[in-house]
Amino acid sequence: MTAIHPGATDRRGPSAGVVGLTVNDVVHTVDLEPRVSLLDALREHLGLTGAKKGCDQGTCGACTVWVDGRRVLACLTLAVTCEGRAVTTIEGLSGDGDDLHPMQQAFIEHDAFQCGYCTSGQIMSAVALLREGNAGDDAAIAEFMSGNICRCAAYPNIRAAIRAVRDGERRATGDATA
Ligand code: FES
Ligand code: FES
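Residues numbered from 1 in each chain as written. Chains lettered and ligands numbered in written order. Predicted model: local features only at pLDDT ≥ 70, side-chain atom pairs only at ≥ 80, totals over all residues. Heavy atoms only, no water.

### Some thoughts on the environment of C150
In this structure, C150 sits in the loop between α4 (138-144) and α5 (155-173). When the C-alpha atoms of C150 and C118 are compared, they prove to be 6.0 Å apart, with 32 residues separating the residues in sequence. Excluding residues that lie within four positions of it along the chain, C150 makes contacts with C118, Q122, Y155 and I158. (Helix = DSSP H or I, 4+ residues; strand = E, 2+ residues; numbered from the N terminus. Contact = heavy atoms within 4.5 Å.)

So this is what it looks like as structure tokens:
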């Protein structure tokens, strides 16, 4: 259990407890109150700051991560509900090696960001989008990426990056629609 500084008020509440979180294939045990969001657990307790806190109320998508392979908004997900599930963040996207994930590389090649604050969320959504089969055309990409806001308005370049990875995957699999 986390030690509380002498004289400090213990604000963890009566029900703080140890939670096991598996993030990017690494198991962590952290002392959390049930009210702590997955985003705060990642950023404040595990030091994984790739997922960003834009709005903290589910409207921007900057905090997008995967839980059991499905994209979720980490700011609206309670960390305790992720116990025993597989959490993936941008830090774990490309596995153990130094190579970038193809979507990360495509974002660079297509200049798909300016300030970069939304980018980790955009990339986590973009990879999930392809896996979901929702990237058939630009209208579908725009619709299924609509939860990820970019205040720098890099949307055309983001869509270009997604198209590039989609078309590369189609060529690799011999998909006739490529
Ligand atoms: S920080 Fe989670 S949706 Fe904006
Ligand atoms: S690159 Fe700045 S918010 Fe998207």
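### A few points about the pairing of strand β1 (residues 17-23)
Taking burial as the measure, the seven residues of β1 include five buried ones, the bulk of the element. Judged from the seven bridges that link them, β1 and strand β2 (residues 26-32) form a sheet pairing that is antiparallel. Pairing of V19 across the sheet is with V30, part of β2. Linking β1 to β2, which pair antiparallel, is a turn of two residues; within it N24 sits at a positive phi near 55°. Bridge analysis of β1 against strand β5 (residues 86-88) gives two bridges, and the strand direction is parallel. When the bridges of β5 are listed, V23 appears paired with V87. (Buried < 20%, exposed > 50% of the residue type's maximum accessible area, 1.4 Å probe, protein only. Pairing = 2+ DSSP bridges.)

### Section: α5
Its 19 residues give α5 an end-to-end C-alpha distance of 27 Å, which sits within 8% of 27 Å, the value for a rise of 1.5 Å per residue. The complete set of buried residues in α5 reads I158, A160, A161, I162, V165, R166 and R170. Those residues of α5 that are buried lie in contact with α2 (102-109), α3 (119-132) and α4. Note on α5: the residue one or two positions beyond its end, G174, has a positive phi of about 70°. (Expected span 1.5 Å × (residues − 1).)

### Some details on unusual backbone geometry
The residue N24 is not glycine, and still its phi comes out positive at about 55°. Mapped onto the fold, N24 is located in the loop between β1 and β2. With a phi close to 55°, D111 is a non-glycine residue in the positive phi region. Considering the arrangement of structural elements, one finds D111 in the loop between α2 and α3.

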